[in-house]
Amino acid sequence: MKLLEQITDLNKAINKEKKLGYVPTMGNLHMGHEALIKKSQKECPKTIVTIFINPTQFNNKKDYKNYPRSLNQDLKILKKLKVDYVYLPTVNQVFNEQLPKILLNKSQKILCAKFRNGHFEGVLDVLNRFVKLISPKSIFMGEKDYQQFFLVKNFIEKNHKTKVYSCKTIRDSNMIALSSRNNLLNKASLNTLGLISNELLNLKKKIYQDTRQSKKLIQALKKDLVKKYKIRIEYMECRNIVNMSPNIHARSFKLFIAYYLSKVRLIDNF
Ligand code: AMP
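Here is a short report on the structure shown in this document. On a predicted model such as this, the values are computed, not experimentally measured, just so you know.

1. Describing the pairing of strand β3 (residues 46-51)
For a regular strand, side chains alternate in direction, first toward one face of the sheet and then toward the other. The buried fraction of β3 is high, at five of six residues. Note that strand β2 (residues 20-25) and β3 share six bridges and pair parallel. Pairing of G21 across the sheet is with T47, part of β3. Read as a crossover between parallel neighbours, the route from β2 over helix α2 (residues 31-43) to β3 is right-handed. Taken together, the three bridges between β3 and strand β4 (residues 85-87) define a ladder with parallel strand orientation. Bridging from a neighbouring strand, I48 pairs with Y85 of β4.

2. Quick notes on the nonpolar core
Counting 39 residues, the largest nonpolar core has I48, L127, F130, I134, V152 and I156 as the members making the most contacts within it. Listed by contribution, the elements that provide at least two residues to this core are α1 (7-14), β2, β4, α6 (112-115), α7 (119-134), β5 (138-142), α8 (146-159) and β8 (253-261). At eight residues, the largest contribution of residues to this core is made by α7. Contacts of V152, omitting those with residues within four sequence positions, involve V123, L124, L127, M141, E157 and V164.

3. So, the sheet that holds strand β7 (residues 232-240)
Within a sheet, adjacent strands bond to each other through the backbone by hydrogen bonds, running parallel or antiparallel. The strand order across the open sheet built from three strands is β7-β8-β9, with neighbouring strands paired in antiparallel fashion. Edge positions in the open sheet fall to β7 and β9 (264-269), since each of these has one partner strand only. Ignoring strand direction, the axes of neighbouring strands in this sheet form an average angle of 10 degrees. Pairing of β8 with β9 involves six bridges; the strand directions are antiparallel. Following the sheet pairing, A258 is matched in β9 by I267. Contacts from helix α9 (residues 187-209) reach β7, β8 and β9 within the one sheet, and its direction differs from that of β8 by about 155 degrees.

4. Brief notes about the sheet that holds strand β1 (residues 2-4)
With parallel pairing, six strands are arranged side by side in an open sheet as β1-β4-β3-β2-β5-β6. The sheet is open, and its two edges are formed by β1 and β6 (163-167), each paired on a single side. Direction aside, the axes of adjacent strands within the sheet are offset by 25 degrees on average. Relative to β6, β5 runs parallel, the two sharing five bridges. Bridging across to β6, F140 finds its partner in Y165. Helix α4 (residues 71-80) rests against β1, β3 and β4 of the sheet, and its axis sits at about 175 degrees to β3.

Rules behind the numbers
- Residues numbered from 1 in each chain as written.
- Predicted model: local features only at pLDDT ≥ 70, side-chain atom pairs only at ≥ 80, totals over all residues.
- Heavy atoms only, no water.
- Buried < 20%, exposed > 50% of the residue type's maximum accessible area, 1.4 Å probe, protein only.
- Helix = DSSP H or I, 4+ residues; strand = E, 2+ residues; numbered from the N terminus.
- Pairing = 2+ DSSP bridges.
- Right-handed = clockwise from strand over helix to strand, strands pointing away.
- Core = buried A, V, L, I, M, F, W, Y, C linked by side-chain atoms within 4.5 Å.
- Contact = heavy atoms within 4.5 Å.
- Axes fitted to C-alpha atoms, helices over the stretch in contact; angles between N-to-C directions.

In structure tokens:
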């Protein structure tokens, strides 16, 4: 495994690599990240992982400060997985070049984009910078952040030769989607998270039976969840996964949710 900290080292190491698989991360790695890395290793001859907590995608300074960091443990995991290249840039390196601002259009300002001002603009900007530096053949991203995957795929495939692929959400035995933010929750909250995840999965199954009932079913469970688990729900809605419109069909929709549990903002989709 080659550890790269300077842009010059990165360029030297990968300039002959034409078929790189790339997994962007913010570190604090778990089995969800591992699944993306394994998929990249299966599909591509060499794999590069970046660990970079991008300040520009945090709309809340405290959230950026509190984001879990565990670099030594992450490097152990990456070494065990036999990742070829790990790039750990500094903030100054990444934002060295002045680039035009990326803006979302009105139809893209839904779900998380509605509640996290500038978040996806920050995500698209940083990935645009990484793709320019790395020129990977493929990027692997998690369905856990489906809206992010959808926006990145559209943007990157329009502006670069890179293809963007998604991987299924990895969950634990309680149906909890693995996430670095789960490390900010205590045992009782994790237990609640499992119960909520199961309720949402059941709701998805019910909506699948009759999509015309979706609004009514969502309204009812939303009320229930708030009362039972004392959570604050930002949004809970179904979207068509092909174009993210609210017009859904049984075979191609997801139920999206963002909520606060013990002051930690969590997102998931089913
Ligand atoms: P992050 O480090 O949180 O920015 O995530 C890096 C990548 O891992 C993103 O593409 C996420 O969607 C993906 N990811 C995060 N959690 C999971 C999970 N539970 N299953 C699959 N992919 C995940």
